[in-house]
Amino acid sequence: MSFENLLLNYGKLIKHMEENSYSKHCILLLKTEINWLGKNGCLADSYETACAICEKQTNSSEMRRRYRLEYGILKRFDVDGIYSDYRRKEPLVKYGAYHHLNPEYKDVVDRYKDAASVRGLKPNTVKGNASAGACFLRSMQERGLCSLKRTKVSIRFSLMAVQTACRCAIKQLPRFCFLPGCDRAILPALPWMQ
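Residues numbered from 1 in each chain as written. Predicted model: local features only at pLDDT ≥ 70, side-chain atom pairs only at ≥ 80, totals over all residues. Heavy atoms only, no water.

Colleague: Explain the overall build of the protein chain to me, using residue names and the numbers behind them.
Modeller: Of regular secondary structure, the protein chain possesses seven helices and zero strands. The secondary structure elements of the protein chain, listed N-terminal to C-terminal, are α-α-α-α-α-α-α. Taking all 194 residues of the protein chain together, the buried fraction comes to 27%. Considering only residue pairs separated by 6 or more positions, the protein chain has 55% of its internal contacts joining residues 24 or more positions apart. Counting every atom, the protein chain has about 13,400 Å² of accessible surface; 57% of that belongs to carbon and sulfur. (Helix = DSSP H or I, 4+ residues; strand = E, 2+ residues; numbered from the N terminus. Buried < 20%, exposed > 50% of the residue type's maximum accessible area, 1.4 Å probe, protein only. Contact = heavy atoms within 4.5 Å. Areas by Shrake-Rupley, 256 points an atom, 1.4 Å probe, with all protein chains shown as cover.)

Written out as structure tokens, the structure is:
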């Protein structure tokens, strides 16, 4: 990929940042990455590759995050003509399971978010549950189960394996378990364990 467009027009981006009260330090860091692309652009075929090269040079998670943000700004300016907006931090590479899901699974997570909001759950609860659901769906997707119908079958087989393991473990225990000082059973045998 050629970064010529960026190298010819980056002055407009810098001017926009100065007019919108970006800190001098932030502008200087962005100029540093533009200069790096000018000198080493032949090593990278895309902004993602350039970002990955820079990320490999540091062990600092803060620096890696900064590189993703800076290269995201540069790519959006170069490819789409979108100037940076300091209120929206959109990294070049988005992490998290949701962004790697296929459209069918994304739809499931989106529908959950809508339903949970209608139910009145707190925003952090919705976000956490949606994240967990996205992680589960991504694991299914990585196993080659890319549709809900195939996932349902796989879950059924997984539950059957868990039930079998529980049956074997329960058979090793007495019929009921008692707590010391308690005269009632706390774990009656469940119907599917018999």
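Colleague: Summarise the packing of aromatic side chains; cite the residues concerned and give the values.
Modeller: Taken as a whole, this structure holds two aromatic pairs when the rule is applied. With a centroid separation of 4.9 Å and 75° between ring planes, the pair formed by Phe3 and Tyr47 is classed as edge-to-face. Of this pair, Phe3 sits in the segment before helix 1 (4–19) while Tyr47 sits in helix 3 (residues 47–56), and the two are 44 residues apart along the sequence. Summarising the aromatic geometry, the rings of Phe77 and Tyr83 are spaced 5.3 Å apart at their centres and angled 55° between planes, so their arrangement reads as tilted. Given a relative accessible area of 36%, Tyr83 falls into the partly exposed group. (Phe/Tyr/Trp six-rings, centres within 6.5 Å; stacked < 30°, edge-to-face > 60°.)

Colleague: Account for the nonpolar core, naming residues and giving values.
Modeller: Among the nonpolar cores identified, the biggest contains 21 residues, and Leu6, Leu13, Leu37, Tyr47, Tyr71 and Leu74 are the most heavily contacted of them. For this core, the secondary-structure elements that each account for two or more residues are helix 1, helix 2 (24–40), helix 3 and helix 4 (61–80). (Core = buried A, V, L, I, M, F, W, Y, C linked by side-chain atoms within 4.5 Å.)

Colleague: Go over the pattern of salt bridges, please, and point to the residues and values.
Modeller: Applying the stated rule across the entire model yields seven salt bridges. Its salt-bridge partner being Glu33, residue Arg66 comes within 3.4 Å of it at the nearest N-O pair. Here Arg66 is found in helix 4, whereas its partner Glu33 is found in helix 2, with 33 residues between them in sequence. For Arg65, the salt bridge is made with Glu62, and the minimal N-O distance between the two is 3.2 Å. Separated by three residues within a single helix, Arg65 and Glu62 lie in helix 4, roughly one turn from each other. Judged by its relative accessible area of 35%, Arg65 is partly exposed. Because the salt bridges share partners, they merge into one network encompassing Glu33, Arg66 and Glu70. (Salt bridge = Lys/Arg side-chain N within 4 Å of Asp/Glu carboxyl O.)

Colleague: I'd like a description of the packing of helix 3 against helix 4, backed by residues and values.
Modeller: Relative to each other, helix 3 and helix 4 sit at 160°, their axes nearing to 10 Å. Here helix 4 runs roughly antiparallel to helix 3, going by the angle between their axes. For helix 3 against helix 4, the interelement crossing comes out right-handed. Side by side, helix 3 and helix 4 meet where Tyr47, Glu48, Ala50, Cys51, Cys54 and Glu55 of the first sit next to Arg64, Tyr67, Arg68, Tyr71, Leu74, Lys75, Asp78 and Val79 of the second. Per-class residue counts for the contact of helix 3 with helix 4 are eight nonpolar, no polar and six charged. (Axes fitted to C-alpha atoms, helices over the stretch in contact; angles between N-to-C directions. Parallel < 35°, antiparallel > 145°, perpendicular 65-115°, else oblique. Left-handed = near helix turned anticlockwise from the far one by under 90°. Nonpolar A, V, L, I, M, F, W, Y, C, P; charged D, E, K, R; others polar.)

Colleague: Tell me what's going on with helix 5 (residues 103–119), and back it up with residues and numbers.
Modeller: With 17 residues, helix 5 extends 24 Å between its outermost C-alpha atoms, agreeing within 8% with the 24 Å of an ideal straight helix rising 1.5 Å per residue. Taken together, the buried positions of helix 5 are occupied by Tyr105, Val109 and Ala116. Angular distribution of buried residues about the axis of helix 5 spans 45°; they occupy a single face of the element. Helix 5 presents Pro103, Arg111, Asp114 and Val118 as exposed residues on the side facing more than 90 degrees away from its buried surface. Positive phi shows up at Gly120, right after helix 5, with a value of about 90°. (Expected span 1.5 Å × (residues − 1). Arc of directions from axis to C-beta.)

Distances and angles like these do not, on their own, reveal function.
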